[in-house]
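# Report on the structure
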Amino acid sequence: MGRFLSSIGIFFFVALTARVGISEQVISIGSINPLTGKLAQHGIEVDQGIQIAVDEANSEAKEIRFKLIRRDDKSLPEDAMNQAEQLIIHDKVMALVGGYVDTLVGPIATVAEKHRVPYVASASLESRLTTKINPFFFRISHIDGVAKPIVGFIKDIAKPRRIALAYASTPGAMELADKIRQELSGTGISLVLEEKLKSGTPDFSPFLLKCRSQRVDFIISALFLPDHLILVRQMKELKVSTKGYLGPWGIAYPGFVKEMGERAEGLFGMLAWASGISYPETEETSKRFIQAYKDRFGTDPTSTAMHGYVSAKVAIDATQRLVKANQPVNPQNLAEAIRKTDMMSPIGRISFDDHGNPKHYIQMVVQIQKGSFVVVYPAERSTGKVIMQ
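Below: a short report on this structure.

Strands sit in the order 7-6-8-9-10-13-14 across an open sheet of seven strands; the sheet is mixed. Since the sheet does not close on itself, it has two edges, and those belong to strand 7 (190–197) and strand 14 (372–377), each with one partner. Going across the sheet, the axis of each strand differs from the next one's by a mean of 25 degrees, ignoring polarity. Pairing of strand 10 (residues 268–271) with strand 13 (residues 364–369), which is carried by four bridges, proceeds in the antiparallel orientation. When the sheet's bridge partners are listed, G269 is paired in strand 13 with V366. The strands touched by helix 7 (residues 205–213) within the sheet are strand 6 (162–168), strand 7 and strand 8 (218–222), with strand 7 carrying the most contacts at an inclination of about 175 degrees.

Written out as structure tokens, the structure is:
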């Protein structure tokens, strides 16, 4: 009798286990970011945004659970490739997300295509990555979404006469400089000085002295946060007077404002999202994201963190659509579902063209006013008026 009851118990345990297995499908997603090395600051922000998206999905899930497997590429391309291989071959992930700068995103995209696994890159700009069609590569951002608002702001709002353009010796910065140069051609605005500078340079005074001698009245600086800290300080020291200074990368960060204090006032930066600056009708999503981020990481999220969040949401949304349609969740089906994405996010509408580029991605020009970011371009997103020097 005891043996009979034991057999019944085993039967019901197996049946219950089978029912749980059927009702809750576990989908593995791989996340690769520079968590250490020279790009760690922004890589960690991307990674944290992704974690919030997965936590959010799992808290709402009924039939599906997401397992996030996080990897550090150490800011090195070879490590990015190795981690992608490990996640796909060993961990059997259904999709890859994350990535900061194209020197790391590019190698991951190559591996993803080789193994036919979808990859949604969080922070990618260069056009070269999507010159040919890779049916497994998608990205949240694109260089056009940075270049077009810069030029629009310069032509329609700032209206300087003589511009200086400084840019880092990185592929993304050089491509941005090319696009700005092309767009300004024939506008009547003179690009009187161009300098390719090495990021991390301790002294920018030679460039600034040229700006002064050339009577430059606006500086566009496609450099990075540590460079802006030095450049802006030296501008004040050398008394280089301009109508404006715009840094598309690194200016619109709370850390920059905190570090520079009053010297940050009036500077222009760019972002796709910030606390209090969300795409219309996505304010509640932003509020939930900000609160969850603060609760987990003890700090305010940046625009970079939001890019990580949105990239993960794309993969999650596509997976949920497959499950709802009773279709198998596998990399091939998931790539097709991602290609059909059309969703709203705090950085705007998300859908992709045949090359995996975002159709609607556009950043905003913001000005630092009284320590806060005020949107000054485009007009339909503005939260205040520009203050020119």
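Attention now moves to the sheet that holds strand 1 (residues 25–33). Read across the sheet, five strands follow the order 2-1-3-4-5 without closing on themselves; strand pairing throughout is parallel. Among the strands making up the open sheet, the edge pair consists of strand 2 (64–72) and strand 5 (137–139). Shown here is a sheet whose adjacent strand axes are inclined to one another by a mean of 25 degrees, direction ignored. Alignment of strand 1 against strand 2, held across nine bridges, turns out to be parallel. Pairing of V26 across the sheet is with R65, part of strand 2. The sheet contacts of helix 3 (residues 77–90) involve strand 1, strand 2 and strand 3 (95–100), and relative to strand 1 the element is tilted by about 175 degrees.

Packing of helix 11 (residues 303–324) against helix 12 (residues 331–339) brings their axes to within 9 Å, and their N-to-C directions diverge by 110 degrees. The orientation of helix 11 with respect to helix 12, classified from their angle, is roughly perpendicular. Two packed elements cross with a definite hand, and for helix 11 against helix 12 that hand is right-handed. When helix 11 is examined against helix 12, the residues V314, A315, A318, T319, R321 and L322 are found in contact with a partner set consisting of N333, L334, A337 and I338. Residues that form the contact of helix 11 with helix 12 fall into these classes: seven nonpolar, two polar and one charged.

With that settled, consider the pattern of salt bridges. By the definition in use, this model includes 16 salt bridges. With a shortest N-O distance of 2.5 Å, E126 and R128 are connected by a salt bridge. By sharing partners, the salt bridges in this structure join D178, R181 and E194 into a single network.

This brings us to empty space enclosed by the protein. If you walk through the whole model with that rule in mind, you get one cavity of 30 Å³ or more. Taken as a whole, the largest cavity encloses approximately 40 Å³ of empty space. In terms of lining, the largest cavity is formed by I140, I347, G348, R349, I350, P358, H360 and Y361. Residue classes in the lining of the largest cavity are distributed as five nonpolar, two polar and one charged.

Procedures and definitions
- Residues numbered from 1 in each chain as written.
- Predicted model: local features only at pLDDT ≥ 70, side-chain atom pairs only at ≥ 80, totals over all residues.
- Heavy atoms only, no water.
- Pairing = 2+ DSSP bridges.
- Helix = DSSP H or I, 4+ residues; strand = E, 2+ residues; numbered from the N terminus.
- Axes fitted to C-alpha atoms, helices over the stretch in contact; angles between N-to-C directions.
- Contact = heavy atoms within 4.5 Å.
- Parallel < 35°, antiparallel > 145°, perpendicular 65-115°, else oblique.
- Left-handed = near helix turned anticlockwise from the far one by under 90°.
- Nonpolar A, V, L, I, M, F, W, Y, C, P; charged D, E, K, R; others polar.
- Salt bridge = Lys/Arg side-chain N within 4 Å of Asp/Glu carboxyl O.
- 1 Å grid on protein atoms, 1.4 Å probe; cavity = no way out; pocket = protein on both sides within 12 Å on 5 of 7 lines; lining within 4 Å.
- Points joined across faces, edges and corners; volume = space filled by probe spheres on them.

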